Amino acid sequence: MKKSLLPILLSGLIACSVPQQKDTEKTTPMTYQFLVGTYTNSSDQGIDFLTVSPESDSINLKNLVSNFSNPSFVLANQSGSLVFSLQEEAGKGGGKIASFKRDISTNHLTLIDSLETGGDHPCHISLSPNEDFLILSNYTGGSLSAFKVGSDGNLAFSQLIQHEGKGTNPDRQEGPHVHSSTFDREGKHVLVADLGTNGVYVYDFTPENEAPLSLKEKVEMTPGDGPRHLAFSPDGKEVYVVQEMTAVLEVFDYQDGKMTSKQRLSLLEKGFEGAVGAAEVRVSPYGKNIYVSNRGDANTISAFRKGENGSFELIAHYPSGGIMPRNFNLTPDGKYLISAHQKSGDIVVFDRNLETGELKETSLRTMGNQPVYLFPIN
């Protein structure tokens, strides 16, 4: 009897030991990587690289390209093998656009090409869905310029479009100030926000044409708004426009290049008095939440959630963790929000509740030199 029970007892002991072995297994903490655009004031500054591993309480910022002036906007193709950066400068030929080859294993960047943009102070780059065209927004120049991108990363000038006109604010809207261009989800149209002329220009995009951009219509904003950046919903049926000067997020229905306004959301606490400067908008991976930064005297990130009726409602206006949150971004999985501050120089990590969309500032932060753009990269 006792002899027959021995195998059963031994098998039970072995079975009990399995969960204990699994409990000791360790998974590698997730590390997120970002290209960092900056403003520079010395030759040792330029494009930076940020790594964040919240689970291991680690954050690190290092320089990738020095002696490269004012790379205030930088992005990469989907594979991460090519990196594109502007140089926000003015001159006879305007600012510059540069392409780099990236060694993915070492993050080393090698300059491939550099061309003038044809307009002063470029401040935004967009890459077409097929990754064969770049569009630069020349803020002071009031123009947008298009460049063909070769498979090897070489650039070829394609088109320059000069905007004309002005808005109602004599200080900020005395002339055109093109602030951003954004391809729609199908890649058939490009939406161009012009703060100076107070409108979003919808361009048809036909890459096989010698001049790929042709104006479809200009959508007028509320006087004094000053449209800056915009983002599409994941399904491409809505577009969210940041109105810099009135600190408003405006929600539009979107279909085949047609924009229809349906909601305006304030980025200000009730009773707020002071300077404003709404800047960046980000959409959560499944489109449930929208986040918008506001500079001036506010220094906040406003969070909104989408209700059952399709309208957005405020969650909260969160302190951004620093001064002048010109840019911020979400990690690709939506678990964290990273906020960069032009004036105070700090980069701050927030936890993001995946269910509610609420934010909570963590202790993770690092200092940089005027970080003004964050682009997630593989």
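Residues numbered from 1 in each chain as written. Predicted model: local features only at pLDDT ≥ 70, side-chain atom pairs only at ≥ 80, totals over all residues. Heavy atoms only, no water.

### Quick notes on the nonpolar core
To keep things clear, this is the line we draw: In this text, buried Ala, Val, Leu, Ile, Met, Phe, Trp, Tyr and Cys residues form a nonpolar core when linked through side-chain atoms within 4.5 Å. Partly exposed describes any residue whose relative accessible area lies between the buried limit of under 20% and the exposed limit of over 50%, with all areas from a 1.4 Å probe on protein chains only and scaled to the type maximum. Helical segments are the DSSP runs of H or I of at least four residues, strand segments are the runs of E of at least two, and each set is numbered from the N terminus. We call two residues in contact when some of their heavy atoms are within 4.5 Å.
Counting residues in each nonpolar core, the largest one holds 27 residues, and the members touching the most others are Leu 35, Val 83, Phe 84, Ile 97, Phe 100, Ile 125 and Leu 134. Of all the secondary structure elements, the ones that give two or more residues to this core are β2 (46-53), β4 (74-76), β5 (82-87), β6 (96-102), β8 (122-127), β9 (133-138), β10 (143-149) and β28 (371-376). At four residues, the largest contribution of residues to this core is made by β5. The residues touching Phe 100, leaving out its near neighbours within four places in the chain, are Ile 47, Val 65, Phe 68, Ser 81, Leu 82, Val 83, Ser 85, Leu 109, Thr 110, Leu 111 and Ile 112. The next biggest cluster of nonpolar side chains, apart from the first, holds 15 residues, and it includes Tyr 240, Ala 247, Ala 278 and Val 281.

### Here we look at the side chain of Arg 352
Going by this rule: Only four residue types enter the tally: Lys and Arg on the positive side, Asp and Glu on the negative side; His and the chain ends are excluded. Whenever Lys or Arg places a side-chain nitrogen within 4 Å of a carboxyl oxygen from Asp or Glu, that contact is recorded as a salt bridge. Contacts described as polar in this section are N or O atom pairs within 3.5 Å, which, within protein, must combine one atom able to donate a hydrogen with one able to accept it, while residues neighboring in sequence count only if both atoms come from side chains.
Its location among the elements puts Arg 352 in strand β26 (residues 346-352). No salt bridge is formed by the buried Arg 352; its nearest oppositely charged neighbour, Asp 333, is found at 7.5 Å. A distance of 2.9 Å separates a polar atom in the side chain of Arg 352 from the backbone oxygen of Gly 334. Residues within four places of Arg 352 in sequence aside, it is in contact with Ser 284, Pro 285, Asn 289, Tyr 291, Leu 330, Gly 334, Lys 335, Tyr 336, Gly 357, Glu 358 and Leu 359.

### As for the sheet that holds strand β3 (residues 58-66)
Sheet strands pair via backbone hydrogen bonds, and the direction of the pair is either parallel or antiparallel. This is how the line gets drawn: In this scheme, strands are said to pair when DSSP sees at least two bridges between them. For helices, the fitted axis covers only the stretch in contact; all axes are lines through C-alpha atoms, and the angles between them, taken along N-to-C directions, range from 0 to 180 degrees.
Strand order across the open sheet formed by four strands is β3-β2-β1-β28, with antiparallel pairing between neighbours. Looking at the sheet topology across the chains shown, the edges are occupied by β3 and β28. Strand-to-strand, the axes of this sheet are offset by a mean angle of 25°, without reference to chain direction.

### A word on the pairing of strand β24 (residues 327-330)
In β24, alternate side chains face the same way, and those of Asn 327 and Asn 329 on one face and Phe 328 and Leu 330 on the other are all buried. Direction of pairing for β24 relative to strand β25 (residues 336-340): antiparallel, over a ladder of four bridges. In the sheet register, Asn 327 faces β25, and the bridge partner there is Ala 340. Connecting β24 to the next strand, β25, in antiparallel fashion are five residues, including Gly 334 with a positive phi near 80°.

### So, the sheet that holds β5
Reading across the sheet, the four strands line up as β4-β5-β6-β7 and stay open at both edges, with antiparallel pairing between neighbours. The sheet is open, and its two borders are formed by β4 and β7 (109-116), each paired with just one other strand. Between one strand and the next, the sheet's axes are offset by a mean angle of 20°, whatever the strand orientation. Strand direction decides the pairing type here: β4 and β5, joined by three bridges, are antiparallel. In the sheet register, Ala 76 faces β5, and the bridge partner there is Val 83.

### Section: the confidence of the model for the chain
Stated precisely, the cut-off is as follows: Think of pLDDT as the predictor's per-residue confidence, scored from 0 to 100.
For the chain, per-residue confidence averages 94 on the pLDDT scale, and residues scoring 70 or more make up 93% of the total. Confidence over residues 1-25 falls short of pLDDT 50; this stretch has zero contacts with residues more than four positions distant or in other chains.

### Describing the environment of Lys 216
Note on placement: Lys 216 falls in strand β15 (residues 213-220). Placed 41 residues apart in sequence, Lys 216 and Gly 257 show a C-alpha to C-alpha distance of 7.9 Å. Setting aside residues up to four positions removed in sequence, Lys 216 forms contacts with His 189, Val 202, Tyr 203, Asp 204, Asp 256 and Gly 257.

### What to know about the packing of aromatic side chains
In plain terms, the rule: Aromatic pairs are defined between Phe, Tyr and Trp rings, using the six-membered ring for Trp, whenever the two ring centres lie within 6.5 Å; interplanar angles under 30 degrees are classed as stacked, those over 60 as edge-to-face, and all others as tilted.
The final tally for this structure, using the stated rule, is nine aromatic pairs. Ring geometry for Phe 147 versus Phe 157: centroids 5.8 Å apart, planes at 75°, classification edge-to-face. Taken together, the positions of Phe 147 in strand β10 and Phe 157 in strand β11 (residues 155-162) put the pair 10 residues apart, joining distant regions of the chain. You can call Phe 157 partly exposed: its relative accessible area is 49%. Pairing Tyr 201 with Tyr 203 gives two aromatic rings, centres 6.5 Å apart and planes at 15°, and the pair type is stacked. Taking the relative accessible area as the measure of exposure, Tyr 201 reaches 7% and is therefore buried. Clustering of aromatic rings is evident, with ring pairs tying together Phe 133, Phe 183 and Phe 205.

### Description of the pairing of strand β13 (residues 189-194)
Within β13, six of the six residues are buried, which leaves it mostly tucked inside the rest of the structure. With burial as the criterion, each face of β13 is covered, one bearing His 189, Leu 191 and Ala 193 and the other bearing Val 190, Val 192 and Asp 194. As defined by bridge partners, strand β12 (residues 178-183) adjoins β13 across five bridges and the pair is classed as antiparallel. Counterpart to Thr 182 in the pairing with β13 is Leu 191. Hairpin connection between β12 and β13: a loop of five residues separates the two successive antiparallel strands, and Gly 187 in this loop has a positive phi of roughly 75°. Of the pairings in the sheet, the one linking β13 to strand β14 (residues 199-205) comprises six bridges and is antiparallel in character. Within β14, the position partnered with Val 190 by the bridge is Tyr 203.

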